[in-house]
Amino acid sequence: MSVAPKASEPTWPTPPEGGWTADDLDRLPNLPPHTELIDGSLVFVSPQTIFHMRAVSFFEWQLQSLAPADLEVFREFTIDLDRQNRPEPDVVVVRGEAVEDPEQTRIPAEAVVLAIEVVSADSVSRDRETKPLKYARAKIPHYWRVESEKGRAAVHVFELEPTTGTYTSTGIFRERMKADVPFQVDLDLTQIRARRDKAQ
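Rules used throughout
- Residues numbered from 1 in each chain as written.
- Predicted model: local features only at pLDDT ≥ 70, side-chain atom pairs only at ≥ 80, totals over all residues.
- Heavy atoms only, no water.
- Helix = DSSP H or I, 4+ residues; strand = E, 2+ residues; numbered from the N terminus.
- Contact = heavy atoms within 4.5 Å.
- Expected span 1.5 Å × (residues − 1).
- Buried < 20%, exposed > 50% of the residue type's maximum accessible area, 1.4 Å probe, protein only.
- Salt bridge = Lys/Arg side-chain N within 4 Å of Asp/Glu carboxyl O.
- 1 Å grid on protein atoms, 1.4 Å probe; cavity = no way out; pocket = protein on both sides within 12 Å on 5 of 7 lines; lining within 4 Å.
- Points joined across faces, edges and corners; volume = space filled by probe spheres on them.
- Nonpolar A, V, L, I, M, F, W, Y, C, P; charged D, E, K, R; others polar.

Draft legend 1. Molecular detail of the side chain of Glu76. Mapped onto the fold, Glu76 is located in the loop between strand 3 (71-75) and strand 4 (78-80). Not counting residues up to four positions away in its chain, the partners in contact with Glu76 are His34, Glu88, Pro89, Asp90 and Val91.

Draft legend 2. Focus on helix 2 (residues 50-66). Between its terminal C-alpha atoms helix 2 stretches 24 Å, which fits the 24 Å expected from 17 residues at 1.5 Å a residue. Turning to helix 2, its buried residues are Phe51, His52, Ala55, Val56, Phe58, Phe59, Glu60 and Leu63. Those residues of helix 2 that are buried lie in contact with strand 3, strand 5 (91-95), strand 7 (112-118), strand 8 (142-149), strand 9 (152-161) and strand 12 (185-188).

Draft legend 3. Layout of the pattern of salt bridges. Across all of its chains, the model carries 14 salt bridges by this definition. One salt bridge in this structure joins Glu60 and Arg75, with 3.2 Å as the shortest N-O distance. Taken as a pair, Glu60 in helix 2 and Arg75 in strand 3 lie far apart in primary sequence, 15 residues in all. A relative accessible area of 23% places Arg75 in the partly exposed class. Glu149 serves as the salt-bridge partner of Arg174, at 2.8 Å between the closest nitrogen and oxygen. Remark: Glu149 occurs in strand 8 and Arg174 occurs in strand 10 (residues 166-174); sequence separation between them is 25 residues. Here the salt bridges share partners, and the residues they tie into one network are Asp23, Asp26, Asp80, Arg86 and Arg106.

Draft legend 4. Representation of the layout of surface pockets. In this model, the largest pocket occupies a volume close to 240 Å³. Contributing to the lining of the largest pocket are 13 residues, with Leu25, Pro32, His34, Thr35 and Glu88 lying nearest its centre. Across the lining of the largest pocket, the residue classes tally to five nonpolar, four polar and four charged. Considered as a void within the structure, the second largest pocket measures approximately 200 Å³ in volume. Glu36, Val45, Gln48, His52 and Asp90 are, among the 17 residues lining the second largest pocket, the residues nearest its centre. Elements with a minimum of two residues in the lining of the second largest pocket: strand 7 and helix 3 (124-137). Broken down by element, the lining of the second largest pocket gets its largest block of residues, three residues, from helix 3. In terms of residue class, the lining of the second largest pocket is made up of two nonpolar, six polar and nine charged.

Taken by themselves, the reported measurements are silent on function.
Here you go:
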């Protein structure tokens, strides 16, 4: 007589009543890398594309070289918006005084100068709708959304409008991006490609 196998125990954490909190993100064991907290729910990241990784690397290194000395640039680092929201922008520029401890795992929203999201197939609505709304409510002054247009980058740039507390578009950049805020940049966006052109 065969014995039916026991049902395996669920491996995903069961959320508490009211949802997870920003503090829980540091305490939950075995979370996949780059797990975010949005409205008290855990959001897991799908495998990323070559375009996504190249875009994130491009902005991280370019902004590190251009940012004033009092600002720091991080990739894939969470920010505290409120008790139930701790998203992880692909690239974030923060005031240096907020970096207090090499062991810290998050940055307070009030220290964030710029948040950048590179849109993936599974993050379209979050990056176009959910996150910009939350970043604006947290008074993050600048938001850039990077989209792939046939494997080439289009950067949608937004600035917080102080009287309404919402983002207003200040431009869409392809091939070359010049901006004066939050600091001066002049970027060759053609360096971000899904495929590298082969030498002729």
